[in-house]
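Structure assessment
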Amino acid sequence: AQSVTQPDIHITVSEGASLELRCNYSYGATPYLFWYVQSPGQGLQLLLKYFSGDTLVQGIKGFEAEFKRSQSSFNLRKPSVHWSDAAEYFCAVGARASYGNKLVFGAGTILRVKS
Amino acid sequence: EPEVTQTPSHQVTQMGQEVILRCVPISNHLYFYWYRQILGQKVEFLVSFYNNEISEKSEIFDDQFSVERPDGSNFTLKIRSTKLEDSAMYFCASNGPQAVSDEQFFGPGTRLTVL
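The present account deals with the structure reproduced in this document. Just so it is clear, the model here is predicted, and its values are computed rather than measured. One numbering rule holds for all chains: residues counted from 1, following each sequence as written. Lettering for chains starts from A, numbering for ligands starts from 1, and both go in the order in which the items are written. Given that this is a predicted model, residues contribute local features only at a pLDDT of at least 70 and side-chain atom pairs are listed and counted only at 80 or more, while totals for whole chains, interfaces and linings are drawn from all residues. Water and hydrogen atoms play no part in the side-chain values, which are based on all heavy atoms of the structure.

Here a strand is any run of E in DSSP of at least two residues, a helix any run of H or I of at least four, and the numbering for each starts at the N terminus. Each helix and strand in chain A was counted, giving zero helices and twelve strands. Against the globule reference of 13 Å for 115 residues, chain A gives a C-alpha radius of gyration of 14 Å, in line with a compact fold. Each of the three principal axes of chain A carries a C-alpha extent, and together these read 45 × 30 × 25 Å. The cut-offs for exposure are 20% and 50% of the maximum accessible area for each residue type, with area from a 1.4 Å probe on protein chains only; residues under the lower value are buried, those over the upper are exposed, and the others partly exposed. Here chain A holds 115 residues, and the buried ones make up 50% of them. Only C-alpha atoms enter the radius of gyration; for comparison, a globular chain is expected to reach 2.2 Å times N to the power 0.38, where N is the number of residues.

Another aspect to go through is the state of the cysteines. Two cysteine sulfurs form what is called a disulfide whenever their separation falls within 2.5 Å. Counted according to the given criterion, the structure contains two disulfides over all chains. In this model C23(A) forms its disulfide with C91(A); the gap between the sulfur atoms is 2.0 Å. Given an S-S torsion of about -65°, the disulfide between C23(A) and C91(A) has left-handed geometry. You can see C23(A) sitting in the loop between strand 3 (19-21) and strand 4 (24-26) and its partner C91(A) sitting in strand 10 (residues 87-96), a full 68 residues away along the chain. Pair check on accessibility: C23(A) and C91(A) agree, each one buried. The disulfide bridge from C23(B) ends at C92(B), spanning 1.9 Å between sulfur atoms. Judged by the sign of its S-S torsion, about -65°, the bond between C23(B) and C92(B) is left-handed.

Attention now goes to the pairing of strand 5 (residues 43-50) of chain B. Residue and element names in this part refer to chain B. Counting buried residues along strand 5, six of its eight residues qualify, which places the element largely inside the surrounding structure. Note: strand 4 (residues 31-37) against strand 5, seven bridges, orientation antiparallel. Residue pairing across strands places W34 opposite V47, the latter belonging to strand 5. The pairing criterion for strands is at least two bridges between them, as found by DSSP. As consecutive antiparallel partners, strand 4 and strand 5 are separated by five residues, and within that stretch G40 has a phi angle of approximately 80°, a positive value. Summarising the sheet, strand 5 and strand 6 (residues 53-57) pair through four bridges and their orientation is antiparallel.

What makes a salt bridge here is a side-chain nitrogen of Lys or Arg within 4 Å of a carboxyl oxygen of Asp or Glu, nothing more. Counted by the stated rule, this structure contains seven salt bridges over all chains. The partner of K49(A) in a salt bridge is E103(B), with the nearest N and O atoms 3.3 Å apart. Remark: E103(B) occurs in the loop between strand 9 (88-95) and strand 10 (105-106) and K49(A) occurs in strand 6 (residues 44-50); the pair is interchain, linking two chains. Given a relative accessible area of 32%, K49(A) falls into the partly exposed group. Of the charged contacts, one joins R36(B) and E44(B) as a salt bridge, the two residues approaching to 3.3 Å between their closest N and O atoms.

Below, the discussion takes up the interface of chain A and chain B. Whether two residues are in contact is decided by their heavy atoms, any of which lying within 4.5 Å being enough. Taken together, the contact pairs 22 residues of chain A with 22 residues of chain B. With both sides pooled, the region where chain A packs onto chain B buries about 1900 Å², and carbon together with sulfur makes up 59% of that total. Polar contact criterion, stated in full: a pair of N or O atoms within 3.5 Å, where within protein one must be able to donate a hydrogen and the other to accept it, and residues adjacent in sequence count only if both atoms are side-chain atoms. Our enumeration of links across chain A and chain B arrives at five residue pairs in polar contact (both at pLDDT 80 or more). Of all the secondary structure elements, the ones that give two or more residues to the side of chain A that touches chain B are strand 5 (32-38), strand 6, strand 10 and strand 11 (101-105) of chain A. Side-chain classes are defined by residue name, with Ala, Val, Leu, Ile, Met, Phe, Trp, Tyr, Cys and Pro counting as nonpolar, Asp, Glu, Lys and Arg as charged, and the others, Gly among them, as polar. Taken together, the residues of the side of chain A that touches chain B sort by class into twelve nonpolar, seven polar and three charged. Summed over both partners, the accessible area (1.4 Å probe) lost when two parts come together is defined as the buried area.

Take the sheet that holds strand 8 (residues 75-79) of chain B next. Residues and elements named next belong to chain B. The strand order 1-3-8-7 describes an open sheet built from four strands, whose pairing is antiparallel. On the outer flanks of this sheet lie strand 1 (5-7) and strand 7 (65-68), each paired with one strand and no other. Strand-to-strand twist of the sheet, defined as the mean angle between neighbouring strand axes without regard to direction, takes the value 20°. Relative to strand 3 (residues 19-24), strand 1 runs antiparallel, the two being bridged by three bridges. Bridging from a neighbouring strand, T5 pairs with V24 of strand 3. Axes, fitted as lines to C-alpha atoms, cover a helix only where it is in contact. Angles between the N-to-C directions of the axes lie from 0 to 180 degrees.

Before going further, it helps to spend a moment on the environment of W83(A). Residues and elements named next belong to chain A. Topologically, W83 is positioned in the loop between strand 9 (73-78) and strand 10. Residue classification places W83 among the exposed positions, given a relative accessible area of 56%. Every residue in contact with W83, bar those within four places of it in the chain, is listed here: E15 and V113. Of the polar contacts made by the side chain of W83, one reaches the side chain of H82; its length is 3.3 Å.

In structure tokens form, the structure reads like this:
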């Protein structure tokens, strides 16, 4: 069965510092991978996605992620964090269903930004 | 920009009561989903729906749950007899026409509180 592991429950970084959020997945076929962000009391917003091709994908808000098949990882990065980036981040793998697909989410990483 | 909408934003009900959560997916999408997130936990897949049929459901989605697309725009989740453990945020999502490769767009969620 598909699974996603986000090993860090909380991460605190200083504003302006770089960020890396870890994500490891388990999926038998070529994965479709996503990062979503959720601000308190809000829904899920897609940051970026990987389907195929270039393993380094760019997303919104200055985020990027790199797909490494050999490590089954899809880590999210940002070179300089802003206070507004404080939120919860979810990595997800798209698993094919008979029709449509479903997303299997990791447990999330809560990002705190200190000034 | 088109978006998924959900009503109500917050629903409070008594244990044993029926609730219907409503969603309006993006108009040209063909695949519809419900997910839930219990407070402090990960987002979990409940059900996917295509061509007026359930295409996949999780083990959470038992006989107390049902989904329906009663007209060309709404997509509903009904819980027949709510339990305390049904308290959660419920997210509707949609994608298509390429179900597997197209990203899922999420609504803002309905917070269900069962007393």
